[in-house]
Every structure is written in structure tokens, then in C-alpha cells.
Amino acid sequence: MKLRSSQWYAGQDRNAYIHRAWMRRGVPDDAFADRPQIAIANTASDLTPCNAHLNEVAASVRNGVYEAGGIPLDLPVVSLGETNVRPTAMLWRNMAAMATEEMLRANPIDGVVLLGGCDKTIPSLLMAAASVDLPAVVVPGGPMLTGTFRGRPLGCGTDVWKLSEEVRGGTLTQEDFTRSESAMIRSRGHCNTMGTASTMALVAEALGTVIPGTAGTPAPDSRLLQAAHGTGRLAVEMVGADRRPATFLTRASFHNAIVALAAVGGSTNAVVHLLAIAGRLGIDLVLDDFDRIGSRVPVLVDLQPAGRFLMEDFHRAGGLLAVLREIRDLLDPEALTVTGQPLVNYLEDALIWDGEVIRPSEQPLVAHGGIAVLRGDLAPDGALIKPAAASPHLLKHRGRAVVFDSIEDFHARIDDPDLDVDANSVLVLRGCGPKGYPGMPEVSNMPLPKKLLEQGVRDMVRVCDGRMSGTAYGTVVLHVAPEAAAGGPLALVRTGDVVSLDVAARRIDLDVSEDELAHRTPNKATLDGFAAPRRGWQRLYVDHVQQADTGADLDFLIGSSGSDVSRESH
Ligand code: FES
């Protein structure tokens, strides 16, 4: 098979000389003759602390690539640290995907190993790989080990929300809150709850893009390096077999990813990422597929934020394959993986070792899990709620809206003792969608009013056009589409309007007549918050980003451009 990289390296002319000569730097003479050039797209960065250990993982991948006869090539790519990047890492997901795609296409590369971990990194890498369509395989960087505080395990993310609410509710001192900071992050790796990073690693494996059995291996576990080594070898094999995303990722793969997402009680963020990845592959995945496929699936994993345990427990209990074995009848047996084998071929020996962490299918945590897709006056194109993370008594609820036009407006007023809000109110936050913020931040799980926390209220219905951290919980209706800034009806809600939520009926409605709504215009404060950025990526993003219900990708990035080699540069 003629390698793509031979279009740089083969031949005796001046151009081939230039390409080879500058790449030699100690590599053997035969490095450019029929040896697959494998990029290691690496999101390691000190500013993405969850991925800071990936250089060590890359070293193991390099060994595997060399061993299998390939040439490994480090390719640092845009890295997004969820806790640092402002205004929100999601604003840069598509930029990271675009930059990675272009660098893979522009360089003499035959295949790629994708190293990600923190929330947006695996999605952006997979979007890039789907669009450039070179043989690609993911090594998820793995979760951190369980930290403890005052003798109890601490789930990063989830317990931050809980502890900060306790401070606001007066049941935890500020000193103890600060003390917990150094216990939260015990080791290298990404968040150890079933947050977005853990979810996307597991979903990537269910999709078929990770060597089965790898995702969820804790970052400090030596078996991660073993898997990285094996992945390096596999990448070389994939080039030989021409095993590109377009050859093994199908609708069946996404079906399995949605089943896995539901069974592990994964993050709502996976919806927007899977839609975007499918869009790059030209697979017709729609929002309702998540409800249709996922709502039949039992939640088997008792992990925070919906449950009790953390990723280290999950790995010890058998990991993703043990979960999938329990529900193998719900999986599509046709879906293939990076190894060329169907996913279901890996389930036979996958046993549950701790039935508290991973429940057997006959004793699920929640009989019907998944992510419910709501529609109604407030969300004509759809909105999401994760029933397993919501309070059962709020799944059918009517209450008066208390409306906030931005997250700043929310913070300025939420703890005002004179705010007209009670436990039945519905908190509505807008201006947080892809265009409005811009970047669709994780603000939908609004903190509750201090005065209600002090009364013991721990959950309320909240409605927002933004996203929610995968580590958060509560009765939160999110990803409302169209968002307020794109002309969605959310922009017309006023404080005092009655909002009704009925999850069983899949409805989110506003009890305001059509006639009355037709006479309303968004207030100026709402629109002022949506001032478009004037230049740079943010301008491009706001002009071209699509709504959450289709994956929030840029309109001109949908689909694939393939790996065609461009014109010579000299
Ligand atoms: Fe990186 Fe949670 S902040 S995974």
C-alpha cells in the first residue's frame, strides 16, 4: 500500500530531499521508506492540569509505534483546560478541532494517536479525526485517584458544588472549605466523577475509537502506559489495514455510544459532542435518538454526581466492558472498533467485581435512565434533562419564573433577601447559549438562593440555554434551543410567568398565550448582553456556530474534507 507520507518523502528530486533532510535528525535511513508516520496528537499542557501527564503516555505510544515498524511524531495540539480557559472551554472546542484537523492534513502523516482527557479534548480530537479521516485511535488520559477529606471520599467537581452550597447554607466554615481544596485533587488525571471527561472517555470506547478495556483506567495506573504502548502498535496496524474512521464508525457505533452513555449515567455534554462528531462523519444522528435509544437503558453505575462512588471504584469494579456485558442485548452487534473487531466481541470475560459500584442489570440503580429530550413553548427545537440527576418530586412541576438575563445578573441578585423567589419558583437563566455567551458555558446548574438554602431547600427547577458541568446535579433543563440570542422564545419569558415542566410527557412549556407572546420583544438588557465580538475566533464562532440541538459545530466545519495532500510549498 502506498503511504500518504510518500507524497512528501518518496523520490529523488529536490522537494523529497528537503522533506527528508529536515526530518532526519538521527532517525534511521529507512524511516522514510514505507514506514507509517504516526502522529501523536498530544493535548499535554501545564495549563490543562488534567492532561499534564500525557507526555509520559506519549512516550509509551512512541515505543509501541517504533516496535511495530512505524515512525512516531509528536504533534502538540490545542489543549483546553476546563478550569482555566475563559470565557468557557466550549468556545474553543471547534477551534481546537479545526486546528488539529488542518495540522493532520497539512503534514506527512499516515495515522494518528489522539491523547486527550479533560472535557473538551477528546471531543475536539475525535471531530478532527473524523473530518481528516486518517486512521485514528484514542488513548484517554484517565481519571485521578480518589481524594479524601475528613475521612470521606471527595469527588472533584461534584463536591465543590456541594461544599460551596454548605458554606452558603451555613453548615460548613470557610476555613474547612479552603482546607478541602488540597484534598480534592489527589493525583494526576482528570475529574474522578462521572463528569464530562470520564463520560467522553467511556463513550469514545463504546463508539469504537479506543482499544476496548482501556477507558477509565486511572491516570497513575501502570496499565494505562501498557495500553498506550499497545495503542502505538495498533496505530501502525490500522494504517496497513486502511482502517479510517469512515470505515468503522457508523450509526451502529453511535447507537452503542448512546447506550453506554445512559448505562453509566453520563454527562449531558456528551450529547452535544456526539452530535458534532456524527456531523463530521455525515451520520444522521439527531437529538431524539438520545431519548429513543437511551431511555430504554437502565443506569447501572453508582457514581457521583448521580450516585456515590468515583472512577477508581468503577475501574476496580470491572469498568465499561462489565457494564456493557450486562446490557449486551441493547448493543448493536455490528458496530466495529479500532481493532477491526466488533465491540461485543470484548464482553465475554468482562465480569462485575463489585456489585455496589456496577449493578447487575436485574438490580439497576435507575430502571430507565438516559437523557430526556423535552420540547414545548420554551424549547421548540429541544432541551435536555437528566432525570437520574434530578429530584423525583420536581420532574412534574409548575412554578413562577424568576428570570436572569446573564450570569452576571444572576450573581448580582440571587442572594438579595428581597428577591421574590420561593422553593416552587423556576429559575430561568438566558444569554448562555452558543452565540449568546458566547460559547455555551456550564452555568445551567445555578446555585440556589441563599435564603432558600438556609430553609433547607436543596433543589429547584432551573431552565437555561447553556450547558451544565457533568459533575453537577439537580433538576436542570438545559441546552434550550433555539437559545435566547438566536431568537428563541426563552428571550420572551418574564418574571412571574408560569413555567411548566413535565418530564414524563417530555414537555417544557410557558403558560402565556401566543397572542401575548407575539406582542413581547426581548428586553434591552437581554439584547445588550449579546453584543457580537468584533474580531478573531470569537467573531467567526458567533457568525457560524449552530445551535445545541445539532452539536454546536460551525456550519462550515460539518462533514469531512478527507486527507488529500495539498500543493507543494516550494
Ligand atoms: Fe479537567 Fe474536570 S477539570 S476533567
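Residues numbered from 1 in each chain as written. Predicted model: local features only at pLDDT ≥ 70, side-chain atom pairs only at ≥ 80, totals over all residues. Heavy atoms only, no water.

### Concerning the sheet that holds strand β1 (residues 37–42)
Moving on, step 1. Read from one edge of the open sheet, 4 strands run β2-β1-β3-β4, paired in parallel fashion. Two strands bound the open sheet, and with one partner strand each, they are β2 (71–76) and β4 (136–140). The mean inter-strand angle of the sheet, taken between neighbouring strand axes irrespective of direction, is 20°.
Moving on, step 2. In this sheet, β4 lies alongside strand β3 (residues 111–116) in parallel orientation, the contact comprising 5 bridges. Paired with Leu115 across the two strands is Val139, which belongs to β4.
Moving on, step 3. Lying on the sheet, helix α5 (residues 121–132) is in contact with β1, β3 and β4; it crosses β3 at an angle near 165°. (Pairing = 2+ DSSP bridges. Helix = DSSP H or I, 4+ residues; strand = E, 2+ residues; numbered from the N terminus. Axes fitted to C-alpha atoms, helices over the stretch in contact; angles between N-to-C directions. Contact = heavy atoms within 4.5 Å.)

### Concerning the pattern of salt bridges
Moving on, step 1. What the rule picks out here adds up to 40 salt bridges.
Moving on, step 2. One salt bridge in this structure joins Glu356 and Arg308, with 2.9 Å as the shortest N-O distance. Of this pair, Glu356 sits in the loop between α15 (319–326) and β7 (372–376) while Arg308 sits in the loop between α13 (287–294) and α14 (311–316), and the two are 48 residues apart along the sequence.
Moving on, step 3. With a relative accessible area of 42%, Glu356 lands in the partly exposed category.
Moving on, step 4. Residue classification places Arg308 among the partly exposed positions, given a relative accessible area of 44%.
Moving on, step 5. A salt bridge links Arg520 to Glu516, with the shortest nitrogen-to-oxygen separation between them at 2.9 Å.
Moving on, step 6. Judged by its relative accessible area of 33%, Glu516 falls in the partly exposed class. (Salt bridge = Lys/Arg side-chain N within 4 Å of Asp/Glu carboxyl O. Buried < 20%, exposed > 50% of the residue type's maximum accessible area, 1.4 Å probe, protein only.)

### Looking at helix α3 (residues 54–67)
Moving on, step 1. A rise of 1.5 Å per residue sets the reference length of α3, with its 14 residues, at 20 Å; its end C-alpha atoms lie 20 Å apart and thus fit the reference within 8%.
Moving on, step 2. Among the residues of α3, Leu54, Val57, Ala58, Ser60, Val61, Gly64 and Val65 are the ones counted as buried. Burial along α3 is one-sided: seen end-on, the buried residues are contained in an arc of 160°.
Moving on, step 3. Those residues of α3 hidden inside the fold are in contact with β1, β2, β3, β4 and α9 (222–241).
Moving on, step 4. The positive-phi residue at the C-terminal boundary of α3 is Gly69, with phi of around 100°. (Expected span 1.5 Å × (residues − 1). Arc of directions from axis to C-beta.)

### Brief notes about helix α6 (residues 158–169)
Moving on, step 1. Under the 1.5 Å per step criterion, the end-to-end length of α6 is 17 Å for 12 residues, consistent within 8% with the ideal 16 Å.
Moving on, step 2. Residues of α6 that are buried include every one of Thr158, Asp159, Leu163, Glu165, Arg168 and Gly169, and no others.
Moving on, step 3. Close packing links the buried residues of α6 with β6 (152–154), α7 (174–184) and α17 (450–454).
Moving on, step 4. Trailing α6 by a residue or two, Gly170 shows a phi angle of about 85°, which is positive.

### Remarks on the packing of α3 against α9
Moving on, step 1. Here α3 crosses α9 at 40°, and the two axes come no closer than 7 Å. Judged by the inter-axis angle, α3 sits oblique to α9. Considering how the two elements wind past one another, α3 and α9 form a crossing that is right-handed. Two secondary-structure elements touch here, α3 through Glu56, Val57, Ser60, Val61, Asn63, Gly64, Val65 and Glu67 and α9 through Leu224, Leu225, Ala228, His229, Gly232, Arg233 and Val236.
Moving on, step 2. Along the lines of polarity and charge, the residues of the contact of α3 with α9 split into 7 nonpolar, 5 polar and 3 charged. (Parallel < 35°, antiparallel > 145°, perpendicular 65-115°, else oblique. Left-handed = near helix turned anticlockwise from the far one by under 90°. Nonpolar A, V, L, I, M, F, W, Y, C, P; charged D, E, K, R; others polar.)

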